[in-house]
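Fold and geometry: a report
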Amino acid sequence: MHDKMPLGFWACRFLKQLSGLPQVAVLLPSVEVLGRAGMNAAYHWHTLTYPHFNLEKEQLKTLKKVVKRFENGLPLKDLAQVIEILNLCAEKMNEQEAFTEPLCELIKLCGLPFQKKKLSDEVSYSVAVSKSIAQLAYLMRVPSSQVRIQICKCVVSFYNTESPRKLLSGYQPTSANYKIQMAELGGLAETLVLSLALVENQLNEKLWVLKALQHLSSSGVNCRLMMKAQAASRLCLYLNGVDPSGQLVFRSSEILWNLLENTSKEEVVNQLSSLECVHALKEVFVDLLMHGFRHYDRQLRNDLLVLATLLAENPAAPMIESGFAKLLIVLATFTEVKIPNPLVKGLKLTYSYEDFELKKLLFNVIGVLSKDPCAVQLLSENDVIPALLYYVKPNQKPGFHDWSAAQYEELQLHAIAILASVAPLLVDKYLSCQANTLLLVFLEWCIGQDPFFGQGNSFHGTGGRGNKLAQMRYSLRVLRSVVSLYDDAVNLNLCDQGAISQLLDILKYAANKSKEKEDAILLEIQADILFLLSVLCENDLHRKELFSYEGVDILIPFIQMDPKKLHSGLGHNCLLFSALDCLWSCVIGCYIAEDYFLEKQGIFLLLDLLALKQKNLCNIILGILVEFCDNPKTTLHISTWRGEKDQTAANLLIQLWRQEELELGVKRDRYGRIVDMKRPIASSFQKQQEVIPMPASCRSFAIMEISENIRAKLYSLLCKLGFENLPGLSAKDFVTLAIIRHYIDFKVGEVWSELCAELKEEFRPVASDEEALKVISEISEDTGRMIAALQTEVLESQHHQEIQEEEKAYTKIQAIHKQKEMVNKSWENFLTRTSNYEALKKAKRLQEKSIEASRSKSKTQNGAVHSTDIKGLGTTIGSGRLVTVESTPPQLIGGPLAVTDFALRKSSVCEGALKKIKRVKTLDSVKKDSIPV
């Protein structure tokens, strides 16, 4: 019986006996797998029954046989039993160190590819395998450096795709990623992260654990498991540990990067945001900065700086408290401002690519810190503005020991881009450094003819290859950032230096460039300039006069923009809005500019844009038109305008009103008449609002609603035009116009309605007040009913007019039909006379009687009477000198004249001088056909 037991059974049972564990039969490889090895196991089992036998030696011998048998890989079905043997050996190691080597050998077997008999074994044993692999990580509790390192080597081998050299008979290796998937399922990565606390003081073991985690962190599943164990904060604390090889920093930073890429960046940053982590990151960064000299050290330094930048984006990170923020600001500016600082004493940057990347990263840190209000003081104290303004100057040819042209341009553009973020925070410093002057001089160089060609290689250099557009773009962004503060000192400083005329020149330059080739960069430049002009000229008449003639000439083409371009995606929409805003701010309010705009038919262009009925354009255009109507010449231009199909401005405005009410959900019947007499112009959303008592200083919903749609502007504009004698309106338009005319009355009624509702919520008015409120409500309702009656009257009048026009049309049709009947009857009589001689004679007699009856009865005295009748004439038509014979055309009946065309042929336009000759011949032929009477 004992001869048939497998080797693994006896090894497991024997180890349990020595450990004092219950004797439970745990089956390992079957007899078929072990072959004769199982037969030898009986001998070992029998020898163990002798009391003086060397048990430890036999145990080790048995373990060696297990290792020897599975030296090419473990079968999946036996893996659980092997892991149990590993756990038993780990317990024996506490008493006998001799088990260390067999234990390591067994762990090494787990690193080999597992073997399966069936294709389904991978799925069938997945739970058992995942638990077994998880047990490997738990063996990190064994206080043996050799065992721990072997476990890490085993994990690393999971990512070795080499196929086994030899397979067990009837087995095949599992798929290459099987162990990796089972490690994810078993949570191996989380356990290894927790085991870092066990190897904290053992550098070699720690490095091996980090190496294993580095491989595991390539998976998103493992990274999420590691984050549960606070992997980011644990690894960051190890960064400044003692390690002559430098692997500690490298592997830790690599794992942190994998965590950032595969998990939530916010979660990783939150774990790194403790004061201890920031201090550790700062110390290792400074060490690499000061003492790193290898290419690898500089790269690692830059990687850590990126991590520091991510921390700086988190307001909760103690970057300022740790002094890290100040250090980074000083590093970013010390080469430009040349101010000695103990933090960077003895530091020299080279012009290598890694130091170039460092410089860009430091600039980027300044941009990130500028978003933190607490860092503004640091930015001011460390001369960030002068350092960034160092680059606001025309590009110079680089020296031998200097940045290349492309690198300098990239640094320049980056610095100017960061200046746009920092300048609004440090306005006083900005003005004291004469930044406006430097920027205007730099912009003058940008439109100059200097032979400079940008490289356009960087992100900030997009669209700037072979030109200076990138420099112009970011310089204008700086001006836009400070001008948008509406600081009088900044704006006055700009205008005193002639900024308005210079900006107009730059705008003209960009517009001409845009005609050659339109792109997003040029459109952005033009939009920024228009914004700058809007802010500078707003509320200042003198500046508007400086803008007037030249500015209006530049604005007109923008307003004439092809509407199809608004949806191109390049930025035409933004450019048009900027142009309209500039028109509102720079032209309106200055009669010189207004009159010149009117002369250029600007009002017609605005109405053409309004006729597009684009929701985003209507509001601003209507506002401009309302403001323009303060100029008495404007209303005439609006009344004169005609759109497609001879549409008038009044008709367009009324159509916009109907479209707006449709979107607001205002109730109207199918003819456009008022339905709700109490709240005739209330939107559906407005009716859904509950009554909320508010202080008198707060605006009610009825008042706030005015600014949320265009109805108030439409009413104001129609008031300027007048409600009488508006051309081009239909009855439906007059129905809508009646509502528009009483918009203010209805709006007042809404406010009173809200007031009454609020009073009833909190108070009970006295009798006199209640009566007054009732009268006011009735007046509002009466106005609604009056307008509804007027609308009905207009519709009835229109209906009556339509009926009259319909009757006129029918009368005309009847007259036409009667005329046709008379013509047909005349033709029938004519045919009768020509085909029936008796009918002809009868008609002749009737004709003669009519002629006789029409003659005067009085006789002429003393004069001869001459008869006008022609005797023997057999016709009933009036006699004359010539009679044209009408007959069937010869082309239809044939004969010798069929080929002739006579007078029917039309002369060609191209016949030239022969035209008159042919006309004479035609007349001769007509005369030949004429028969004299």
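Rules used in this analysis
Residues numbered from 1 in each chain as written. Predicted model: local features only at pLDDT ≥ 70, side-chain atom pairs only at ≥ 80, totals over all residues. Heavy atoms only, no water. Axes fitted to C-alpha atoms, helices over the stretch in contact; angles between N-to-C directions. Helix = DSSP H or I, 4+ residues; strand = E, 2+ residues; numbered from the N terminus. Parallel < 35°, antiparallel > 145°, perpendicular 65-115°, else oblique. Left-handed = near helix turned anticlockwise from the far one by under 90°. Contact = heavy atoms within 4.5 Å. Nonpolar A, V, L, I, M, F, W, Y, C, P; charged D, E, K, R; others polar. Core = buried A, V, L, I, M, F, W, Y, C linked by side-chain atoms within 4.5 Å. Buried < 20%, exposed > 50% of the residue type's maximum accessible area, 1.4 Å probe, protein only. Phe/Tyr/Trp six-rings, centres within 6.5 Å; stacked < 30°, edge-to-face > 60°. Lys NZ or Arg CZ within 6 Å of the ring centre and 35° of its normal. Disulfide = S-S within 2.5 Å. Salt bridge = Lys/Arg side-chain N within 4 Å of Asp/Glu carboxyl O. 1 Å grid on protein atoms, 1.4 Å probe; cavity = no way out; pocket = protein on both sides within 12 Å on 5 of 7 lines; lining within 4 Å. Points joined across faces, edges and corners; volume = space filled by probe spheres on them. Arc of directions from axis to C-beta. Expected span 1.5 Å × (residues − 1).

1. Notes on the packing of helix H5 (residues 79-92) against helix H8 (residues 126-138)
- For the pair H5 and H8, the least separation of the axes is 9 Å and the interaxial angle reads 20 degrees. One way to sum up the angle between H5 and H8 is to call them roughly parallel. Relative to H8, H5 is oriented so that their crossing is left-handed. Listed contacts from H8 to Leu79, Ala80, Ile83, Leu86 and Asn87 of H5 are Val129, Ser132, Gln135 and Leu136.
- Partitioned by chemical class, the residues of the contact of H5 with H8 number 6 nonpolar, 3 polar and no charged.

2. Some words on the nonpolar core
- Ranked by internal contacts, the top residues of the largest apolar core, which has 242 residues, are Leu259, Met319, Leu533, Phe597, Leu606 and Leu610.
- For this core, the leading source of residues is helix H29 (residues 520-537), giving 13 residues.
- If sequence neighbours within four positions are ignored, Leu259 has contacts with Cys223, Met226, Met227, Ala231, Ala232, Leu235 and Val268.

3. A few points about the packing of aromatic side chains
- What the rule picks out here adds up to 15 aromatic pairs.
- Judged by centre distance (5.2 Å) and plane angle (90 degrees), the rings of Tyr390 and Tyr391 are edge-to-face.
- Given the relative accessible area of 3%, Tyr391 is considered buried.
- Aromatic pair Phe597 and Phe628: ring centres 5.2 Å apart, planes at 25 degrees, arrangement stacked. Residue Phe597 is found in helix H32 (residues 591-599), and its partner Phe628 is found in helix H34 (residues 615-628); the two are separated by 31 residues along the sequence.
- Ring pairing ties together the aromatic residues Tyr351, Tyr353, Phe356 and Trp403, which thus form one cluster.
- Just above the ring of Trp657 sits the side chain of Arg711; from NZ or CZ to the centre is 5.9 Å.

4. So, the state of the cysteines
- Applying the stated rule across the entire model yields 0 disulfides.
- With no disulfide partner, Cys152 has as its closest neighbouring cysteine sulfur the one in Cys154, 9.6 Å distant.

5. Re unusual backbone geometry
- Notably, Tyr486 is not glycine yet its phi reads approximately 55 degrees, a positive angle.
- Take Tyr486: it is sitting in the loop between helix H26 (469-483) and helix H27 (488-496).
- We note that Asn725 has phi near 55 degrees; this positive angle belongs to a residue other than glycine.
- Tracing the chain through its elements places Asn725 in the loop between helix H39 (711-721) and helix H40 (731-741).
- Accessibility expressed as a relative area gives 76% for Asn725, which makes it exposed.

6. Structural notes on the pattern of salt bridges
- For the structure on display, the rule yields 32 salt bridges.
- Among the ionic pairs, Glu410 bridges to Lys360, the shortest N-O distance being 2.6 Å. Note that Glu410 is positioned in helix H23 (residues 405-422) and Lys360 in helix H20 (residues 353-369), a separation of 50 residues in sequence. For the pair formed by Glu410 and Lys360, the shared burial category is buried.
- Of the charged contacts, one joins Asp540 and Arg543 as a salt bridge, the two residues approaching to 3.5 Å between their closest N and O atoms.
- Among the residues examined, Arg543 registers a relative accessible area of 14% and is labelled buried.
- Residues joined by salt bridges that share partners form a network here, namely Glu661, Arg668, Glu705, Arg711, Lys747 and Glu750.

7. Structural notes on empty space enclosed by the protein
- By the definition in use, this model includes 4 cavities of 30 Å³ or more.
- Considered as a void within the structure, the largest cavity measures approximately 50 Å³ in volume.
- In terms of lining, the largest cavity is formed by Ile638, Ser639, Arg642, Thr648, Ala649, Ala650, Leu721, Leu726 and Pro727.
- Those elements that provide at least two residues to the lining of the largest cavity are helix H35 (634-640) and helix H36 (649-664).

8. Brief notes about helix H16 (residues 265-272)
- For H16, the full list of buried residues reads Val268, Val269, Gln271 and Leu272. Down the axis, H16 shows its buried residues gathered within 160 degrees of arc, on one side only.

9. Brief notes about helix H25 (residues 435-446)
- A rise of 1.5 Å per residue sets the reference length of H25, with its 12 residues, at 16 Å; its end C-alpha atoms lie 16 Å apart and thus fit the reference within 8%.
- Taken residue by residue, H25 has Ala435, Asn436, Leu439, Leu440, Phe442, Leu443, Trp445 and Cys446 as its buried positions.
- In this fold, the buried residues of H25 make contact with helix H22 (384-389), H23, helix H24 (427-432), H26, H27 and helix H28 (499-516).

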